[in-house]
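# Observations on the model geometry
These are the residues of each chain, in order.
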Amino acid sequence: MLDLERLRALHSVATYGSVSAAADVLHVTTSAVSQQLAKLERETGQKLLERNGRGVRLTDAAELLVGHAEKILSLVEQAQADLEAHRGSVVGQLTLAAFPTAVRGLMPQALRLLRAEHPDLHVLVREEDPLHSMPLVLRGDLDMAVVQDWNNEPLPLPEGLHKGTICHDVADVALPADHPLAGRASVDLKELAGDPWISSVPDSICCDWLLRTLRAIDSEPRIEHMAYEFATQLALVAAGLGNAILPRLGRCDVPPDVAVVPLAEPLTRRVYTVWREEAARRPAIRAAVTALRTGVPGTVQRAA
């Protein structure tokens, strides 16, 4: 009989490429992972890892076993979800990632509701950009993720994930107070062509989106500065160093030297949660989605 935890260790090595990376994900020592794999080799009578330079690589037997392990682990997760659904209880642990403004604008209220209504559910939250969190959900490292896309650029949903919309968040443009268009009731994005911009950091969903959005209006973006947090971006705008796109969800205090102007053609981001298909019946998933929707602030349009 193959041991489930040993299969999980092998699957993690295959997924993350090394014993040490698998140990980090499984929250155990590298020695513990190595011991699990050695026991699995004795159980199967097959060599599973071979030295490859300073690392290791999977043997053909290991690759074969990993394919089965993935199916087995998926079935185990589905069985656990079915049992929770049968019991009807919102219990256990739920690991959830969200992008920063969702952590600030949605999570406090949602976590308060979950703690009050489901005290036997333990939720662990961490900040992650959607480009990073969705693969983590797909691999099983996270149970759920709160992600975003924009009305002019939908984010593809990988096969095997389900989603539920939380809200629709309108973005405005933040301009230095002495900008020629700062006093307008609204502004067209094309009117800002050629201006300097402040964006999120490279390889984040917001940075990639801003570059493509500005290029779509025949403007090669002048990204002068990059900062992950909107509070930092606004400080740079206040110093007269550029413009920034500013969503309303989780909006921090706007400095007095910044003018926030609506866009004539609104840019809206859709905020939604994703989870694995195998976990869809977990009452904890449904409870989290409900709490997130309930916690949407009044400045943002809640999903129907």
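Model, not experiment: these values are computed from the prediction.

### Describing empty space enclosed by the protein
In total, this model carries two cavities of 30 Å³ or more according to the counting rule given. The volume enclosed by the largest cavity comes to roughly 220 Å³. Those elements giving two or more residues to the lining of the largest cavity turn out to be α5 (100-105), β5 (144-150), β7 (196-199), α8 (205-215), α9 (230-238) and β9 (244-247). For the lining of the largest cavity, the element with the highest residue contribution is α8, accounting for four residues. Across the lining of the largest cavity, the residue classes tally to 12 nonpolar, six polar and three charged. Roughly 30 Å³ of internal volume is contained in the second largest cavity. Every residue lining the second largest cavity is listed: Leu96, Met107, Ala110, Leu111, Leu114, Val123, Ala288 and Leu292. Those elements that provide at least two residues to the lining of the second largest cavity are α6 (107-117) and α10 (283-294).

### Description of the confidence of the model for the chain
Across the chain, pLDDT averages 87, with 97% of residues at or above 70. Confidence scores differ between elements of the chain, with helix α4 (residues 60-87) showing the lowest mean pLDDT of 74 and strand β10 (residues 258-261) the highest of 97.

### Quick look at the pattern of salt bridges
Summed over the entire model, instances satisfying the criterion amount to 15 salt bridges. Arg251 is paired through a salt bridge with Asp172; the nearest N and O atoms lie 2.8 Å apart. With Arg251 in the loop between β9 and β10 and Asp172 in strand β6 (residues 161-176), this pair connects stretches of sequence that are 79 residues apart. When its relative accessible area of 4% is taken as the criterion, Asp172 is described as buried. Sharing partners across several salt bridges, the network here consists of Asp143, Arg276 and Arg282.

### Focus: the nonpolar core
Leu94, Leu106, Met144, Val146, Ile166 and Val271 are the most contacted members of the largest nonpolar core, which totals 30 residues. For this core, the element with the most residues is α10, which contributes seven residues. In this structure Leu106 touches Thr101, Val146, Ile166, Leu249, Val271, Leu292, Gly295, Val296 and Pro297, once residues within four positions along its chain are discounted. Ranked by size, the runner-up nonpolar core spans 19 residues in total, among them Leu189, Leu192, Trp197 and Val261.

Calculation notes
Residues take numbers from 1 onward in each chain, read along the sequence in its written order. With the structure being a predicted model, the display of local features is reserved for residues of pLDDT at least 70 and the display and counting of side-chain atom pairs for 80 or more, all residues being used for whole-chain, interface and lining totals. Only hydrogens and water are set aside; all other atoms, that is, all heavy atoms of the structure, feed into the side-chain values. Only protein atoms enter the 1 Å grid used here. Points where a 1.4 Å probe fits but cannot escape make up a cavity, open sets with protein on both sides within 12 Å along at least five of seven lines make up a pocket, and a residue lines them when an atom lies within 4 Å of a point. Grid points are joined across faces, edges and corners, and a volume is the space filled by probe spheres set on the points. Each helix is a run of H or I in the DSSP string that is no shorter than four residues. Each strand is a run of E no shorter than two, and both are numbered from the N terminus. Under the grouping applied here, Gly and all other residues not named as nonpolar or charged are polar, the nonpolar ones being Ala, Val, Leu, Ile, Met, Phe, Trp, Tyr, Cys and Pro and the charged ones Asp, Glu, Lys and Arg. Confidence of the predictor in every single residue is expressed as pLDDT, which spans 0 to 100. By convention in these notes, a salt bridge is any Lys or Arg side-chain nitrogen within 4 Å of a carboxyl oxygen on Asp or Glu. Relative accessible area decides the class of each residue, using a 1.4 Å probe on protein chains only: under 20% of the type maximum gives buried, over 50% gives exposed, and in between gives partly exposed. Put simply, buried Ala, Val, Leu, Ile, Met, Phe, Trp, Tyr and Cys residues joined by side-chain atoms within 4.5 Å make one nonpolar core. Contact criterion: two residues are considered in contact whenever any of their non-hydrogen atoms come within 4.5 Å of each other.

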